[in-house]
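Structural description and commentary
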Amino acid sequence: MSATSNLQSEDQFLCSICLDVFTDPVSTPCGHNFCKTCISQHWDLNQRCQCPMCKETFNIRPQLRVNTFISEMVAQFRREAQQKASSSSSEQQAAKPGEVPCDFCTGTRLKALKSCLVCQTSYCQTHLEPHLIKEGLKRHQLIDAVVNLEGRMCTKHDKHLELFCKTDQTCVCTLCPILDHKNHEFVPLREEYEGKKAELEKTEAGIQQMIQKRRLKIQEVKESVKMSKDAADRQKAEGVQVFTALMESVERCLKKFIKEIEDKQETTEKQAEGLIKDLEQEISELMKRSSEVEQLSRSEDHLHLLQSFSSLKTVPPTKDWTEVRVRLPSYEGTVVRAVDQLEETLWKPMKKKLFEAELKRVQQYAVDVTLDPDTAYPSLILSNDGKQVYDSDVKKKLPDNPERFSRGACVLGKQSFSSGRFYFEVQVKGNTEWDLGVARESINRKGSITLRPQNGVWAMWLRNENEYAALAGPRVPLCLQPGPEKVGVFVDYEEGLVSFYDVGAAALIYSFTGCSFTHKLHPFFGPCENDDDENSAPLIICPVNQTESIND
């Protein structure tokens, strides 16, 4: 059977059985024309020998011969159709890799526009036209060109996949519900298509939202990098300024130090020069007298020797040089005094300014902290606003919930932190003992606690009014005179840093560095025991005031 079609006067050359252009056209006794193979197969499959067009029955199967006239007309028609197809193909695009090619094109295969689910064939624009104008072909189902049309057929029943089995979540043909999917729930493909399409659109919207979130996160990361770079540039500029000033001051102090040494040496040299000059003057006079004495002693003139003896007998008056010494200058402590002076005039003020700037930076991460009454040791008294705590020496009857400390007068803050940076300030004025810092959420609540990082606590304390220490395990004594009235606590979770500041003096007290945080952290407060009202002042969580004046 033929695989070519055309548009001009095409009806007269179409076989009514295959609906395509005649191949070896033959005529029946009733005058109708068919492809020789089409009519032969039709009669082979039917018991009666009947014309498919007029239904005339032949008692004896006619002997079929090719109609030469129609055959020549068909050949002419094919040539014209081929020429037109060639002309049309020059205007259409050849199928590129990944595109569906036309199944009917010979030579250069053009890009297919549609696929027919009935014919199981894909067509370019030229070969598609019969499906658009012929009544018999118009009923065929056309879709956008796709590959693997066989996959759209039921492999068991060789029929189109037209239904969707919701029970098995698979596409089936119209025979499947009867033979293989009994009592299953079915819907038309279009209905399931609409539902799945809506789900895909929802999924697509979700994906787009995820993409947008990630784009925003990229922007956030880039902004963080920019902020980090800006902060790094500011720090470098500040460091260059500080160290430049420090080097200039060191140079000035070095010049002053060298001048002091050189002045002392110059004074010593001048003193020595004066002594040497006096000594040389006496030596000159003594040498002159020595020469005169020597001359006189060699004289043969008795009278002259006796007359001159009295004047030359005595040594000329000279200074007693026995106790005379050059006063050597003392250089002991000169370097130490120069360094002390440098520290007093430059380093201490500069260090103070640096700490003030650092304190202001960490104060930007201030958070609102309140005390958690569910964690408070029974003898502790908390204010109604959750900002103050002190020990009463009297244990109250409170529920022994898992969060509550059963030993040690301490309490946690309600707020927890598992990332980023945070800062809070606590007034410790008037207390003789206290503990302060941060604690891991999993800290032991029901037994004795040794405050150290190994047990999940990063803290410092005061004991006996003036004994301060960082509880690093072992403790690190801290020299704080005078002690702080307000302590700032700063944590950088990712950096593994916990720092304590004397807010009033704008000074760094101590830092835990290289910490590894893997749990939530809570602010930790230990007002310690009341000690008969000796330690009754409360620990007070204060609002952070970055404009607070710093004591000189």
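As a reminder, the structure under discussion sits directly above these lines.
What comes next is a walk through the structure. Model, not experiment: these values are computed from the prediction.

Below, the discussion takes up the overall build of the protein. Assigned secondary structure in the protein consists of eight helices and 21 strands. Computed over its C-alpha atoms, the radius of gyration of the protein comes to 56 Å, more than 25% above the 24 Å expected for a compact globule of 552 residues. Dimensions along the principal axes, computed over C-alpha positions, put the protein at roughly 200 × 95 × 35 Å. Residue pairs at least 24 apart in sequence account for 57% of intrachain contacts in the protein once pairs closer than 6 positions are excluded.

For the rest of this paragraph, the subject is the packing of helix α6 (residues 189-298) against helix α7 (residues 302-313). Axis separation between α6 and α7 bottoms out at 10 Å; the angle between their running directions is 155 degrees. It follows from the interaxial angle that α6 and α7 lie roughly antiparallel. Helix-helix and strand crossings are classified by hand; for α6 and α7 the assignment is left-handed. Across the interface between the two elements, Arg 289, Glu 292, Val 293 and Leu 296 of α6 pack against His 304, Leu 305, Ser 308, Phe 309, Ser 311 and Leu 312 of α7. Among the residues forming the contact of α6 with α7, the class breakdown is five nonpolar, three polar and two charged.

Strand order in the open sheet made by the three strands is β4-β3-β5, with antiparallel pairing throughout. Of all strands in the sheet, those with a lone pairing partner are β4 (121-123) and β5 (142-144), marking the two edges. For this sheet the average axis-to-axis angle between neighbouring strands, irrespective of direction, equals 35 degrees. Packed onto the sheet, helix α3 (residues 125-133) meets β3 (114-116), β4 and β5 and runs at close to 110 degrees relative to β4.

Once that is clear, we can look at the pattern of salt bridges. It is possible for side chains bearing opposite charge to pair when their charged atoms get close. According to the stated counting rule, one finds 22 salt bridges in the structure shown. The residue Arg 190 makes a salt bridge to Glu 194 at a minimum N-O spacing of 3.8 Å. Placement of the pair is Arg 190 and Glu 194 together in helix α6, with a separation of four residues, close to one helical turn. Under the relative-accessibility criterion, Glu 194 is labelled partly exposed at 41%.

This part is about α6. With 110 residues, α6 should reach 164 Å at 1.5 Å per residue; the first-to-last C-alpha distance of 154 Å fits that figure. Buried within α6 are the following residues: Glu 192, Val 242, Leu 246, Ser 249, Thr 268, Gln 271, Ala 272, Leu 275, Glu 282 and Leu 296.

Read from one edge to the other, the open sheet built from six strands follows the order β11-β20-β13-β14-β15-β16, with strand pairing classed as antiparallel. Because the sheet does not close on itself, it has two edges, and the strands there are β11 (411-412) and β16 (476-478). Relative to strand β15 (residues 467-470), strand β14 (residues 457-463) runs antiparallel, the two sharing four bridges. Residue Trp 461 lies in a different strand from β15, and its bridge partner there is Ala 469.

This paragraph deals with the side chain of Ser 122. Within the secondary structure layout, Ser 122 lies in strand β4. Here Ser 122 falls in the buried class, since its relative accessible area comes to 2%. Within the local environment of Ser 122, its side chain forms a polar contact with the side chain of Ser 115, the two groups lying 2.7 Å apart. Apart from residues lying up to four places away in sequence, Ser 122 is in contact with Val 100, Pro 101, Cys 102, Asp 103, Phe 104, Ala 112, Lys 114, Ser 115, Val 146 and Leu 149.

A few words now on the packing of aromatic side chains. Within the structure shown, the criterion is met by eleven aromatic pairs. Through a chain of ring-to-ring contacts, three or more aromatic side chains come together here, namely Trp 458, Tyr 493 and Phe 517. Here the basic side chain of Lys 319 rests over the ring of Trp 321, its NZ or CZ set 4.9 Å away from the ring centre. Across from the ring centre of Phe 405, 5.5 Å away, lies the NZ or CZ of Arg 445, which sits over that ring.

What follows concerns the nonpolar core. Counting residues in hydrophobic clusters, the biggest one holds 37 residues, and the most contacted among them are Phe 424, Trp 434 and Phe 525. Not counting residues up to four positions away in its chain, the partners in contact with Phe 525 are Val 369, Leu 371, Ala 409, Cys 410, Val 411, Gly 413, Phe 424, Val 426, Asp 435, Leu 436, Leu 539 and Ile 541. The next biggest cluster of nonpolar side chains, apart from the first, holds 18 residues, and it includes Cys 38, Cys 49, Cys 51 and Phe 77.

The next thing to look at is a nonpolar patch on the surface. A contiguous nonpolar patch, built from Leu 175, Ile 178 and Leu 179 and spanning about 270 Å² of accessible area, is present on the exposed surface. Position of Leu 179 among the secondary structure elements: in helix α5 (residues 176-179).

Let's shift gears to a negative patch on the surface. On the surface, Asp 393, Glu 465, Glu 529, Asp 531, Asp 532, Asp 533 and Glu 534 cluster together into a negatively charged patch. Among the structural elements, Asp 533 can be located in the loop between β20 (521-526) and β21 (539-542). A relative accessible area of 58% means that Asp 533 is categorised as exposed.

Time to look at the pairing of β20. For β20, a buried count of six out of six residues is recorded, marking the element as mostly surrounded by other parts of the structure. Here two bridges tie β11 to β20, and the two strands are oriented antiparallel to one another. Across the sheet, Val 411 pairs through a bridge with Phe 525, a residue of β20.

Attention shifts here to the side chain of Asp 391. Examined against the element boundaries, Asp 391 turns out to sit in strand β10 (residues 388-391). At 7.8 Å, Lys 396 is the nearest oppositely charged side chain to Asp 391, a buried residue that forms no salt bridge. At 3.1 Å, the side chain of Asp 391 forms a polar contact with the backbone nitrogen of Asp 393.

Rules used throughout
- Residues numbered from 1 in each chain as written.
- Predicted model: local features only at pLDDT ≥ 70, side-chain atom pairs only at ≥ 80, totals over all residues.
- Heavy atoms only, no water.
- Helix = DSSP H or I, 4+ residues; strand = E, 2+ residues; numbered from the N terminus.
- Rg over C-alpha atoms; globule rule 2.2 N^0.38 Å.
- Contact = heavy atoms within 4.5 Å.
- Axes fitted to C-alpha atoms, helices over the stretch in contact; angles between N-to-C directions.
- Parallel < 35°, antiparallel > 145°, perpendicular 65-115°, else oblique.
- Left-handed = near helix turned anticlockwise from the far one by under 90°.
- Nonpolar A, V, L, I, M, F, W, Y, C, P; charged D, E, K, R; others polar.
- Pairing = 2+ DSSP bridges.
- Salt bridge = Lys/Arg side-chain N within 4 Å of Asp/Glu carboxyl O.
- Buried < 20%, exposed > 50% of the residue type's maximum accessible area, 1.4 Å probe, protein only.
- Expected span 1.5 Å × (residues − 1).
- Polar contact = N/O pair within 3.5 Å; in protein donor to acceptor, adjacent residues only side chain to side chain.
- Phe/Tyr/Trp six-rings, centres within 6.5 Å; stacked < 30°, edge-to-face > 60°.
- Lys NZ or Arg CZ within 6 Å of the ring centre and 35° of its normal.
- Core = buried A, V, L, I, M, F, W, Y, C linked by side-chain atoms within 4.5 Å.
- Patch = residues over 30% accessible without salt bridge, like charges linked within 9 Å, V, L, I, M, F, W, Y side chains within 5 Å.
- Areas by Shrake-Rupley, 256 points an atom, 1.4 Å probe, with all protein chains shown as cover.
- Lys, Arg positive; Asp, Glu negative; His and termini not counted.
- Charge placed at Lys NZ, Arg CZ, Asp CG, Glu CD.

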